[in-house]
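So you can see what is in the structure, the chains are spelled out below.
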Amino acid sequence: MPAHDLELKKTVNLPRTDFPMKANLPQTEPKLLSRWNEEKLYEQIRRSCAGRPRYVLHDGPPYANGRIHLGTAFNKILKDFIVKSKTMAGFDSPYVPGWDCHGLPIEIKVDAELGGKKAEMSPVQVRLACRKYAETFVHLQSEDFQRLGVFGQWDDPYLTMSGAYQAQIAEAFVEFLDKGYVYKGLKPVHWCMRCRTALAEAEVEYEPHASPSVWVRFPLVSDAARIDGALAGRRVHALIWTTTPWTIPANMAIAFHPRYEYVAADVSGDVYVVAKDLLKETAEKCGWAEAKALAQFSGGKLEGALFRHPFLERDSGGILADHVTLEQGTGAVHTAPGHGQEDYSVGQQYGIPTYCPVDADGTFFHAEGAAGRLPEDLIGKSVWDANPVVTGLLRERGALLAEKRIDHSYPHCWRCRRPTIFRATEQWFIGMERHNLRQRALEEIKRIKWIPAWGEERLSNMIATRPDWCISRQRTWGVPITVFYCQGCGEPLTDRKVLDGVVKQIAAHTADVWYEKTAAELVGAGAACARCGGTSFRKETDILDVWFDSGASHLAVLNQRYGLDWPSDLYLEAGDQYRGWFHSSLLVGVGLRRASPYRECATHGWVLNREGQAMSKSLGNTIEPEEITQKYGAEVLRLWAASMEFSEDVRISETILARLTEAYRKLRNTFRYALGNLPDFDPAVDQIPAGEQLEFDQWVLVRTEQLIERCRKQYEEFEFHKVYQALYNFATTDLSAIYFDVIKDRLYTAAPRSRARRSAQTSLYRLTHALVRLMAPLAPFTTEEAWGHLRKLPGDPASVHLTLFPEPGFPAGGLAGRQRERLASWEKLMPVREQVLKALEVARQEKFIGAPLEARVRLSAGRELYPLLEEYLEELPALFIVSQVALDDHATAALAVHVERAEGSKCERCWKYSTSIGFDPDFPAVCQPCSGALREMLA
RNA sequence: CCGGGAAAAGCUCAGCGCGGUUUGAGCACUCGAUCGAUAAUCGAGAGGCCGCUGGUUCGACCCCAGCUUCCCGGACCA
């Protein structure tokens, strides 16, 4: 390169900036995070929002067990989008994160860690171990979430195991009790008779087991003709099959499927009602030589029929249930509500008592709740020993038609490995019909805004059909059900004053106080049993369902303590929470506050892998958030979350992340280009009023205004993927491909302080100022970095996260209406530009030109376009990035583009071809405009 | 099996509350340009039985029904 070229190059205003091209996110993000921490940025944001209208997103507590996964990361990032965008839209939007700390999964993990030691430990010691376990993961998860750039009150989150929260849970229970929602009832649960304990689903293991299966007949005692005329006067029986003969004493009903076809089969005089499709198999099992069908009818006919228990003095009614199947048995299902979950729920529907004559040891006793006294042979016998006794009784009465051992998988206790049983135990319930709770909840659902709309139907269906809420668990790690029982008569003590006193003690000492103190200490002086006047009590040992804990979060958190209001504006969780948190929170809200704790409820989808399948640890197809932050940076993970339509299931894969990394680079380079061309631009003095800018620079500002409008609206509607696409398309198309490319010549070659260059810089500055803020909720790290490199206007805070979104009128404010109208011309010129670029491409393919600046473009156009092109002829070379543009006088109908070699020679400074090279003797190698610029620079 | 949801270029998304020309964008891809945004930038091109099958209609990606696959919750297995 000749010496004078070097000299000329120095006079070109090339970009320079400290904003690096390479982000190095995994290294730079933690630095920014610690800076934000030191500066207490979240608190600054809170202070800056004082007095604004409030917008409360109430955080659903993740379970404090294990590290975060992509699902929880996705959830938190989405919440952060909402909180940050609401804040920047002018709301006071605090974010108080929380954790769900009680419950079985933790207790089981701790159990496993403690092993045999647990037996020697007191409940308080076990609870302490659970608390420590939960604390560990609260801290780990907190760090993980903060690493993602989620802003919030991390130094004071809500924990369901804190004393205050536990007291709130207990208080909520007491209120439910006081208002009359709570009752004590029986419900079958997995029960280990050796350990004398209820077992959760997670605590039973299925192992092979041999059971004595039996076919038993129940004679019909109601009018057979009502089932079918052909049965009048016949000896009709229902025929049931069961693998647990010992539950026959607890039989209370016989269930039929409402839509299946049944036949009444004559077997040597006795008539048996059996599902049509199971007749053949049943005949084989029972050894019937001949079974003649007398009648056929649908199961619905059997509802209300009465059958006599084979050896007890009571009748079992015919009922209808969808759970009856045709896979095994007879299609007539022995129903013992005290010993089976489905039997129980169908029993509830028919108002059949949950009768359970088996005690905690698994032995029979004379229980209340059903007619017919058990034979003394059974009393005191364990259920396993009772099997032969029952079959013996059945055989004696001629009720046993067949018996056959069956090997099947059967639930066993995970501790002692013994087979378990289903046994009705006393449980606490919240009655869905009490005070019309169900109906009121359904009404309330209609008032909530659901995003997406189908959420309403989904939760309504669940609430409409759910059974009463069983809120008790036979566990240690949780909030105790704070009820006492009279030692004398067993009556529960539910005196509100006493229970309120307990709540206070929990608030002061955590719920451990329930286990540390005696009943007498907790009750205090002066309490007496309402029934017998007794003054000595024992404590309830059950704890509350953890869904009750988290369902009460709105009571514990949306209050003064956290500076929040009840109800919240929004809940946002994955779709599994219709069964969980959305559900329990609504019931607690409607029950205790007569309204939903959320005005809006948004759902996001599940995170799936590349093939669209669920990720699970057992399949080993998971990607950890930490992996992504370490390899790509949290910003890329956030862009991933932003680019997805979150209401549907979303996918993640290496390919997707690679794309996003590239998109990230493009966005970053957009900022870099703008910042690189602004080092000598002081917005306080160098800005040109919009009305005095070049039209093309006005045009890009108006485009920016449209972008602002769109983005603000889409943030408001939580359509983050549309914000992302809008921002990204704007950066790639409007800016990189068009505006930046076109103004490059002016920025580089015009005199630094010329109006032409300052006009472009003004647009660059203003659009960057807007763009950085628009993108801040999605990309908090990079926008903060860019903001730091952008010169501030008076009033601009140090952090972009303390700013508001740009107003739609911000970029081109001061532009007169007439000027705005003129910009429509530029929209019309854009298609012309596209055609010119195509023509240049053809010329390039033909090797007629290389760089576009070697070209002169000759246009001819029809009547419509010609005047416009003529008007803007001066601007066209810049817009097309060619050296010259000529316009043919005889206008053709359609636009035609001809590419010619540019006239003159190449200016060594601006590289455009010109006939004015050497015009200025002082600068012989440059064109006339360049010499002018050079003179200006030297002056 | 029941309740809810989803299916469109390789990827991420528009579009279709009001059915009507060959369905769009960006990225990725291919080819080319540039070497003054340079581990950047610009241009052009090629990619789609709009999951399948029926129906309504003069006409369907769009409306209706059924099916297939996937996801969430529940039931069953127990």
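Worth saying up front: this structure is predicted, and the values here are computed from it rather than measured.

(A) Region of the structure containing the protein's contact with RNA strand B. In the neighbourhood of RNA strand B, 56 residues make up the surrounding shell, with Y206, E342, D649, H721 and S736 lying closest. In this structure, E457 approaches RNA strand B through a side-chain N or O atom, which is 2.9 Å from a phosphate oxygen. Between RNA strand B and H721, the relevant distance is 2.6 Å, taken from a phosphate oxygen to a side-chain nitrogen or oxygen of the residue. Put simply, the parts of the chain that give the surface near RNA strand B at least two residues each are strand 14 (400-413), helix 12 (454-465), helix 21 (654-676), helix 24 (720-749) and helix 28 (824-845). Counting residues per element, the surface near RNA strand B draws most heavily on helix 24, which supplies twelve residues. Residue classes in the surface near RNA strand B are distributed as 19 nonpolar, 13 polar and 24 charged.

(B) Looking closely at the layout of surface pockets. Estimated volume of the second largest pocket: approximately 1500 Å³. If you list the elements that add at least two residues to the lining of the second largest pocket, you get helix 1 (3-10), helix 24, helix 30 (876-880), strand 31 (913-914) and helix 31 (928-938). Broken down by element, the lining of the second largest pocket gets its largest block of residues, eight residues, from helix 24. By residue class, the composition of the lining of the second largest pocket is 27 nonpolar, eight polar and 14 charged. Shared between two domains, the lining of the second largest pocket takes at least three residues from each, and those domains are domain 1 (12-18 + 673-822) and domain 3 (825-938).

(C) Structural detail: the pairing of strand 5 (residues 204-219). Sheet topology places strand 5 next to strand 14; 13 bridges connect them, and they run antiparallel. Counterpart to Y206 in the pairing with strand 14 is P411. Of the pairings in the sheet, the one linking strand 5 to strand 6 (residues 235-242) comprises six bridges and is antiparallel in character. Bridging across to strand 6, P219 finds its partner in H237.

(D) Layout of the environment of V882. Summarising the element assignment, V882 is placed in the loop between helix 30 and strand 28 (884-887). On a C-alpha basis, the gap between V882 and A332 in space is 88 Å, while along the polypeptide they are 550 residues apart. Setting aside residues up to four positions removed in sequence, V882 forms contacts with L840, P852, L853, A855, V857 and P877.

(E) Looking closely at the pairing of strand 3 (residues 182-192). A large share of strand 3 lies buried, amounting to eight of its eleven residues. Examined bridge by bridge, strand 3 and strand 15 (residues 421-430) share ten bridges and lie antiparallel to one another. Counterpart to L186 in the pairing with strand 15 is E426. Pairing of strand 3 with strand 4 (residues 197-199), which is carried by three bridges, proceeds in the antiparallel orientation. In the sheet register, H190 faces strand 4, and the bridge partner there is L199. In textbook terms, the turn of a hairpin is the stretch between consecutive antiparallel strands, and for strand 3 and strand 4 this stretch comprises four residues, one of which, R196, has a positive phi near 50°.

(F) Seen up close, empty space enclosed by the protein. Scanning the model with the defined rule gives two cavities of 30 Å³ or more in all. Counted as a void, the largest cavity has a volume near 100 Å³. In terms of lining residues, the largest cavity is bounded by Y42, I45, R46, V83, K84, T87, M88, S93, F151 and H801. Here the element with the most residues in the lining of the largest cavity is helix 4 (residues 70-88); it accounts for four residues. Classifying every residue of the lining of the largest cavity by side-chain character gives five nonpolar, three polar and two charged. One number sums up the size of the second largest cavity: a volume of about 40 Å³. No other element matches the four residues that helix 21 contributes to the lining of the second largest cavity. In terms of residue class, the lining of the second largest cavity is built from six nonpolar, one polar and one charged.

(G) Up close: the sheet that holds strand 27 (residues 855-860). Taken together, three strands build an open sheet; the order of strands is 28-27-29 and the sheet is mixed. Looking along the sheet, the strands with just one partner apiece sit at the ends: strand 28 and strand 29 (896-901). Here the average twist between neighbouring strands, direction ignored, is 25°. Pairing geometry for strand 27 and strand 29, over six bridges, is antiparallel. Its bridge partner being in strand 29, R856 is matched across the sheet by E900. Across the sheet, helix 28 is in contact with strand 27 and strand 29; its angle to strand 29 comes to roughly 45°.

(H) Structural context of the sheet that holds strand 9 (residues 270-275). An order of 10-8-9-6-5-14 is seen for the six strands of this open sheet, with the pairing classed as mixed. Of all the strands in the sheet, just strand 10 (292-298) and strand 14 have a single pairing partner and so form its edges. Geometrically, the sheet is characterised by an average inter-axis angle of 25° between neighbouring strands, direction not taken into account. Set on the sheet, helix 8 (residues 279-286) makes contact with strand 5, strand 6, strand 8 (261-267), strand 9 and strand 14; between it and strand 14 the angle comes to about 105°. Along the sheet, helix 10 (residues 383-396) contacts strand 5 and strand 14; its crossing angle with strand 14, the most-contacted strand, is approximately 165°.

(I) Summary view of the domain arrangement of chain A. As assigned here, chain A comprises domain 1 (12-18 + 673-822), domain 2 (204-414) and domain 3 (825-938). On a C-alpha basis, the centres of domain 1 and domain 3 stand 27 Å from each other. Of the residues lining the interface, 17 residues belong to domain 1; the matching set on domain 3 comes to 16 residues. When domain 1 packs against domain 3, the two sides together hide about 1400 Å² of surface, and 53% of this comes from carbon and sulfur. It is V742, T749 and R822 that lose the most area in domain 1 upon contact with domain 3, and together they represent 32% of the buried surface on that side. Counting the contacts that link domain 1 with domain 3 gives three salt bridges.

(J) Here's a closer look at the packing of aromatic side chains. Enumeration according to the criterion identifies 41 aromatic pairs in this entry. Judged by centre distance (6.2 Å) and plane angle (40°), the rings of W454 and Y578 are tilted. In this pair, W454 sits in helix 12 while Y578 sits in the loop between strand 23 (568-574) and helix 18 (581-593), placing the two residues 124 residues apart along the sequence. An aromatic cluster is built from W450, W454, Y571, Y578, W581, F582 and Y598, whose rings are joined through pairwise contacts. Directly above the aromatic system of F151 lies the positively charged group of K84, at a separation of 3.6 Å from the ring centroid.

(K) The arrangement of helix 12 in detail. When the terminal C-alpha atoms of helix 12 are compared, their 17 Å separation across twelve residues agrees well with the 16 Å that a helix rising 1.5 Å per residue should span. Of all the positions in helix 12, only G455, L459, S460, M462 and I463 are classed as buried. Seen from one end, helix 12 has its buried residues packed into an arc of 165°, which puts them on one side. The exposed set on the far side of helix 12, more than 90 degrees from its buried face, consists of E457 and T465.

(L) Spatial organisation of helix 25 (residues 755-775). Taking 1.5 Å of rise per residue, 21 residues should cover 30 Å, and helix 25 covers 30 Å from first to last C-alpha, within 8% of that figure. In terms of burial, helix 25 is a largely internal element, 19 of the 21 residues being buried.

(M) Just unusual backbone geometry, in detail. Note that the residue after I451, namely P452, is joined by a cis bond; omega there is -5°. Structurally, P452 is set in the loop between strand 16 (449-451) and helix 12. Going from W566 to P567, the amide bond is cis rather than trans, its omega being -5°. Positive phi, close to 60°, is recorded for N436, a residue that is not glycine. As for its position among the elements, N436 is in the loop between strand 15 and helix 11 (437-447).

Rules behind the numbers
- Residue positions are counted from 1 within each chain, in the order its sequence is given.
- Going through the entries in the order they are written, you letter the chains from A and number the ligands from 1.
- Only residues with pLDDT of 70 or above have their local features reported here, since the model is predicted, and side-chain atom pairs are shown and tallied only from 80 upward, although totals for entire chains, interfaces and linings are computed over all residues.
- The basis for every side-chain value is the complete set of non-hydrogen atoms in the structure, without hydrogens or water.
- Neighbouring residues are identified by heavy atoms, a residue being near a molecule or strand if any of them is within 4 Å of it.
- Under this definition, polar contacts are N or O atom pairs within 3.5 Å; protein pairs additionally need one hydrogen-donor-capable and one acceptor-capable atom, and for neighbouring residues in sequence, both atoms have to be side-chain atoms.
- Put simply, DSSP marks the helices as runs of H or I at least four residues long and the strands as runs of E at least two long, and each gets a number from the N terminus on.
- Any residue that is not Ala, Val, Leu, Ile, Met, Phe, Trp, Tyr, Cys, Pro, Asp, Glu, Lys or Arg is counted as polar, Gly included; the first ten are nonpolar and the last four charged.
- Cavity means a closed set of points on a 1 Å grid over the protein atoms alone, one where a 1.4 Å probe fits but cannot get out, pocket means an open set with protein on both sides within 12 Å along at least 5 of 7 lines, and lining means a residue has an atom within 4 Å of a point.
- Grid points are joined across faces, edges and corners, and a volume is the space filled by probe spheres set on the points.
- What counts as a domain boundary in this text is fixed by an automatic or database domain assignment.
- If DSSP finds at least two bridges between two strands, the strands pair.
- Any two residues whose heavy atoms approach within 4.5 Å are treated as being in contact.
- Exposure is judged per residue with a 1.4 Å probe applied to protein chains only, and the accessible area is read against the type maximum: over 50% gives exposed, under 20% gives buried, and values in between give partly exposed.
- Angles shown run from 0 to 180 degrees and are taken between the N-to-C directions of axes, each axis being a line fitted to C-alpha atoms and, for helices, limited to the stretch in contact.
- Computed with a 1.4 Å rolling probe, the buried area is the accessible surface lost when two parts are put together, summed over both parts.
- Definition used for salt bridges: Asp or Glu carboxyl oxygen within 4 Å of a side-chain nitrogen of Lys or Arg.
- Working definition: rings of Phe, Tyr and Trp (its six-membered ring) pair if their centres are within 6.5 Å, and the pair is stacked with planes under 30 degrees apart, edge-to-face with planes over 60 apart, and tilted otherwise.
- Only Lys NZ and Arg CZ are tested; either one counts as a charge over a ring when it is within 6 Å of the ring centre and within 35 degrees of the ring normal.
- Every helix has an expected span of 1.5 Å times one less than the residues it contains.
- Directions from the helix axis toward the C-beta atoms define the arc.

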